[in-house]
Every structure is written in structure tokens, then in C-alpha cells.
Amino acid sequence: MDFGFGPEDEEFRREARDWLAANLPGEHARDGEPARDGGHACARARGAWERELGRAGWIGLGWREDGYGNRTASLTQQVVWAEEYARAGAPARSGHIGENLLAPTLIAHGTPEQKARFLPAVARGEELWCQGYSEPGAGSDLAGVRTTAVREGDTYRVRGQKIWTSLAHEAHWCFVLARTEPDFVRHHGLSLLLVPMDQPGRVEIRPIRQLTGTSDFNEVFFDGALARAGHVVGGAGNGWRVAMSLLGFERGVSTLAQQIGFARELDEVIAEAVATGAADDPVLRDRLVRQWAELRVMRWNALRTLGGADAAERGAPSVAKLLWGRWHQRLGELAVQVRGSAAAVGPAGWSADRPYELAAAQHLFLFSRADTIYGGSDEIQRTIIAERVLGLPKEPRGRAERGGEPV
């Protein structure tokens, strides 16, 4: 693909930059540490920011259909918006799961009624979503999910547990992969259901405390949660096909925006290394230069593969994940190495309502430990490349069975 920014893209860039400059300051400033009230104020601010984005039409630029309150943009303009958003230091999006995962799935597999019901609310920033895939015994092995959904009239009753559910504590809805056909196992007999989260006694959310002291992930327990039968995406029993489609959506645009954030973090590490004299160490200086060069290579690779019709088949998303996951971990390690012994000391004293605070380098080091796990572990990405791209023999797996017979 011949990727470049034309005059229309640059005009779009000016519009995006001006809008962000006019609307970002104040309560929508870049996220910092969680609020002292358990994050409720931070969640309210993020919700208000989503609605602000929706009113201005900045949600749903990448949808291949419009008419839901969104405006569409070319691929290069989507990159422009993502880069300007990251460059402005705008807060992490709480609506990205609905915008970038649920919406493309509904556009590809949903009914007209489902699109009309859910897409406008996502485009307005009024309904937030979470993803109910991983379970304690089915993380990387998604086909092993045990959450069940039994149909009762015009509803399904959902029972089971999901884990590592990002932003479940803020979400209004969850798209849940559940087993609706009890006589099938593995990837057969699954369905993707849209489940409302506001069901006291039927949906319980338990935050998971992370190394950083924050709780972005959650356990979610469904104890008889109700989902309308009309909210099954792609039809009952077709959940595996729909789920794989969702996981395969192009990540190139978000990857480029992510790299803007990486560059900001790298600049901060370099600035501290120069200020403290740590950059005088030739070994550490070599590592800094290597981090910079590898980040440039990642950008060029993302631009090279962006929009290619066969990018997924060639393993581009898996290669990108392997590259940035390890790179970001190494940056975290480098950040604490630059700080030296000071990296072991927090920036503020201990208090009962906030047991510890983290400096930016400490947060980067601790949070990046998860980069090679979430979003598909490195082992899974290597397996995808080996089997689907290079055509190597598949790992031995158990056969799906129904009634004791292979399916």
C-alpha cells in the first residue's frame, strides 16, 4: 500500500488538533492516578468525555457504515485522528471497546434491529461496553469457556464467571461468549450474547487489584443474568465464528496511536537520563538508542501493513503484538535503571487512604509486565504465526465431541 498524507488529510489534522486544543483542557485532562473516592470521579470524567466526543462526531470514524450518528473517515484520516489524540495527551478512552470491537462486529454480523438499537448509543458515547471472553480456565484457550446461557422464552439466562474484564465497573453492557448448546464442546455450540450489566443480584463485579495499585480489570459473575433472545449476534450457535471475527479486526490504526504514547514515554526516560547523567554510561546510552531505533521500525512496519487486504492472513497483527509487547517491557526496565536506587522509593509518603503512590517510571515498569499476556499472550501469537502463516504442523489438541463422538 502506498501510504501517505494528502492535503485533505492535513486539513483533517488541523480540524482535529484545533478541536482537541479547545475541548481537552480542564476536567478532561490526561489521566493521572486514580481518584481517592475509588475511581468514581475519574469514571464520571471519562464518561463525560465520551459524550463530548460523541457530540462532536469523533466516535465511529472507522466504521464502514454511517447513519448511526457517526461520521466516517478515510483510513489515513483515522490515523491522523488517532495520532493527534495521542499527541494531545488525551485521556484513555472508556468507550473504545464499544467503538472498536462491538460496533464492527455488529456491522458485520448483526441484524438491522441490533445495529439500530446499539450503534447510535455507542456513537453518542452514552453506552459503554466490556468484553466477556476470558475465564479462569479459558484465557488463551477461548474454546474452553464454561459460562452457559439457557433459553427461556424470549430471553437467555446466563450463568458463569469471566475474568480480566476491562472497565466492567464502568460498562453498561457486556458482550458475552457463552455455551448455549449443552451437547457440544470446544468451539461448537457457543453464542455471543449482549447482556446488560445493571442487574443487581444477577451480575456481580469484583475489581482485581493490580501491581500498580489500580483496578482496571475485574472478575464478573453472572448468576442468572438475563439477555434478550434478540440480542444474540450472528445467531445461536455461531458464537465462535463471530468471536474470531471480532478478534481479527484490524488493529493498525490503534497501533500507530499507541506508538505516539510510547514515543512520549521514551522521551521522558531520555530526558531523565540526560538530566541525571545516567546517559553518560555507554551501555545505557546504547540501550536508549536501540529503543528509539526499534520504535521507528515498528512505526514503519505498521504503516507498511496498514490497510492491506491480506494483512491478517500474513500475521501482521500477531507480529505487531510481539514487537510492541517486548519493546514496552524493555522500556519499563530501562526507566527504572535510569532512576537507579531512587526507583525503589515512591514519590509521596504513605497514607491510610492511599497506601502507596508510583512515579511514572515505576508505573511503567510494573504495568508493562502484563504487555506480553493481555490481548493474546506471546505464546499464542507465535502459534498463530507458525500455524496460519508459515504452515507448520499444528500443536496436538483434543477433538471436539458431541455425545461421545468426534464432531
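Note that the structure is a prediction, hence the values are computed from the model and not measured.

Visitor: What's the story with the overall build of the chain in this structure? I'm lost.
Guide: Across its full length, the chain carries eleven helices and ten strands. Of the contacts formed within the chain by residues at least 6 apart in sequence, a portion of 73% connects residues at least 24 apart. In the form shown here, the chain has an accessible surface area of approximately 20100 Å², with 54% of it arising from carbon and sulfur atoms.

Visitor: I tried to follow the confidence of the model for the chain on my own but got confused; where do I start?
Guide: For the chain, mean pLDDT is 84; residues scoring 70 or higher make up 86% of the total. Summarising per-element confidence for the chain, the mean pLDDT is lowest in strand 10 (residues 405-406) (36) and highest in helix 5 (residues 112-123) (96). Segment residues 28-38: pLDDT under 50, and 27 contacts once partners within four positions in sequence are set aside and those in other chains are kept. Segment residues 399-407: pLDDT under 50, and 17 contacts once partners within four positions in sequence are set aside and those in other chains are kept.

Visitor: Just checking my understanding: could you explain the packing of helix 9 (residues 316-339) against helix 11 (residues 378-389) for this structure?
Guide: If you want to describe how two helices pack, look at the angle between their axes and the distance between the axes. Where helix 9 meets helix 11, the axes come as close as 9 Å, and the angle between the chain directions of the two elements is 150°. Judged on the interaxial angle alone, helix 11 and helix 9 are roughly antiparallel. In this structure, helix 9 meets helix 11 at a crossing whose hand is left-handed. Within the contact between the two elements, helix 9 uses Ser318, Val319, Lys321, Leu322 and Arg326 and helix 11 uses Asp378, Gln381, Arg382, Ile384 and Ile385. Along the lines of polarity and charge, the residues of the contact of helix 9 with helix 11 split into four nonpolar, two polar and four charged.

Visitor: When you look at the side chain of Gln114 in this model, what are you seeing that I'm missing?
Guide: Tracing the backbone shows Gln114 in helix 5. Residue Gln114 is classed as buried on the basis of its relative accessible area, which comes to 3%. Once you skip the residues sitting within four places of it in the chain, Gln114 turns out to touch Leu106, Leu119, Gly230, His231, Val232 and Val233.

Visitor: Help me understand the packing of helix 1 (residues 7-23) against helix 3 (residues 75-87) in this model?
Guide: Running from N to C, helix 1 and helix 3 cross one another at 30°; their axes reach a closest spacing of 9 Å. Considered as vectors, helix 1 and helix 3 are oriented roughly parallel to each other. Crossing angle aside, the handedness with which helix 1 passes helix 3 is right-handed. Contacts between helix 1 and helix 3 involve Glu8, Asp9, Phe12, Arg13, Ala16, Arg17, Trp19 and Leu20 from the former and Thr76, Gln77, Val80, Trp81, Glu83, Glu84, Tyr85 and Arg87 from the latter. Looking at side-chain class alone, the contact of helix 1 with helix 3 contains seven nonpolar, two polar and seven charged residues.

Visitor: Can you help me understand empty space enclosed by the protein in this one?
Guide: It is a probe the size of a water molecule, rolled over the atoms, that shows where empty space is left. Taken as a whole and assessed by the stated rule, the structure comprises two cavities of 30 Å³ or more. A volume near 30 Å³ is recorded for the second largest cavity. Every residue along the wall of the second largest cavity is listed here: Glu50, Ile59, Arg93, Gly95, Val122, Gly125, Glu127 and Leu128. Counted by class, the lining of the second largest cavity contains three nonpolar, two polar and three charged residues.

Visitor: Explain the packing of aromatic side chains to me, please; I cannot follow it from the model alone.
Guide: Aromatic ring pairs: the centre-centre distance and the angle between the two ring planes describe each pair. Within the structure shown, the criterion is met by 15 aromatic pairs. Their ring planes at 55° and their centres at 5.7 Å tell us that Trp81 and Tyr85 sit as a pair that is tilted. In this pair, Trp81 and Tyr85 are both assigned in helix 3, four residues apart and thus about one turn of the helix distant. There is no split in this pair, since Trp81 and Tyr85 are both buried. Three or more aromatic residues joined by ring pairs make a cluster, and in this case those are Phe12, Trp19, Trp49, Trp58, Trp81 and Tyr85. In this structure, Arg13 is placed above the aromatic ring of Phe5, and the distance from its NZ or CZ to the ring centre is 5.1 Å. The ring of Phe221 carries Arg206 above its face, with NZ or CZ at 4.2 Å from the centroid.

Visitor: What should I look at first to understand the pattern of salt bridges in this one?
Guide: Any two side chains of opposite charge can pair if their charged atoms end up close together. Tallying each qualifying case throughout the model produces 24 salt bridges. The salt bridge involving Arg93 is made with Glu99; its shortest N-O contact spans 3.0 Å. Across the pair, Glu99 and Arg93 agree in class, each one buried. The partner of Arg290 in a salt bridge is Asp286, and the shortest N-O contact between them spans 3.9 Å. In this pair, Arg290 and Asp286 both sit in helix 8 (residues 282-305), four residues apart, roughly one turn of the helix. Connected through salt bridges with shared partners, the residues Glu10, Arg13, Arg17, Glu83, Glu84, Arg87 and Arg299 form a single ionic network.

Visitor: Explain the nonpolar core here, please?
Guide: Note on soluble globular proteins: their nonpolar side chains tend to be buried together. If you look at the biggest cluster of nonpolar residues, it comprises 26 residues, and the most contacted ones within it are Trp63, Trp129, Tyr133, Phe175, Leu177 and Leu194. Secondary structure elements with two or more residues in this core: helix 4 (96-109), helix 5, strand 4 (173-179), strand 5 (190-196) and helix 6 (239-247). Those residues in contact with Trp63, other than ones at most four positions away along the chain, are Tyr68, Asn70, Thr72, Glu99, Ala103, Ile107, Leu119, Val122 and Ala123. Formed by 19 residues, the second largest nonpolar core is a distinct cluster that contains Cys130, Ala168, Leu193 and Ala227.

Rules behind the numbers
- Residues numbered from 1 in each chain as written.
- Predicted model: local features only at pLDDT ≥ 70, side-chain atom pairs only at ≥ 80, totals over all residues.
- Heavy atoms only, no water.
- Helix = DSSP H or I, 4+ residues; strand = E, 2+ residues; numbered from the N terminus.
- Contact = heavy atoms within 4.5 Å.
- Areas by Shrake-Rupley, 256 points an atom, 1.4 Å probe, with all protein chains shown as cover.
- pLDDT = per-residue confidence, 0-100.
- Axes fitted to C-alpha atoms, helices over the stretch in contact; angles between N-to-C directions.
- Parallel < 35°, antiparallel > 145°, perpendicular 65-115°, else oblique.
- Left-handed = near helix turned anticlockwise from the far one by under 90°.
- Nonpolar A, V, L, I, M, F, W, Y, C, P; charged D, E, K, R; others polar.
- Buried < 20%, exposed > 50% of the residue type's maximum accessible area, 1.4 Å probe, protein only.
- 1 Å grid on protein atoms, 1.4 Å probe; cavity = no way out; pocket = protein on both sides within 12 Å on 5 of 7 lines; lining within 4 Å.
- Points joined across faces, edges and corners; volume = space filled by probe spheres on them.
- Phe/Tyr/Trp six-rings, centres within 6.5 Å; stacked < 30°, edge-to-face > 60°.
- Lys NZ or Arg CZ within 6 Å of the ring centre and 35° of its normal.
- Salt bridge = Lys/Arg side-chain N within 4 Å of Asp/Glu carboxyl O.
- Core = buried A, V, L, I, M, F, W, Y, C linked by side-chain atoms within 4.5 Å.

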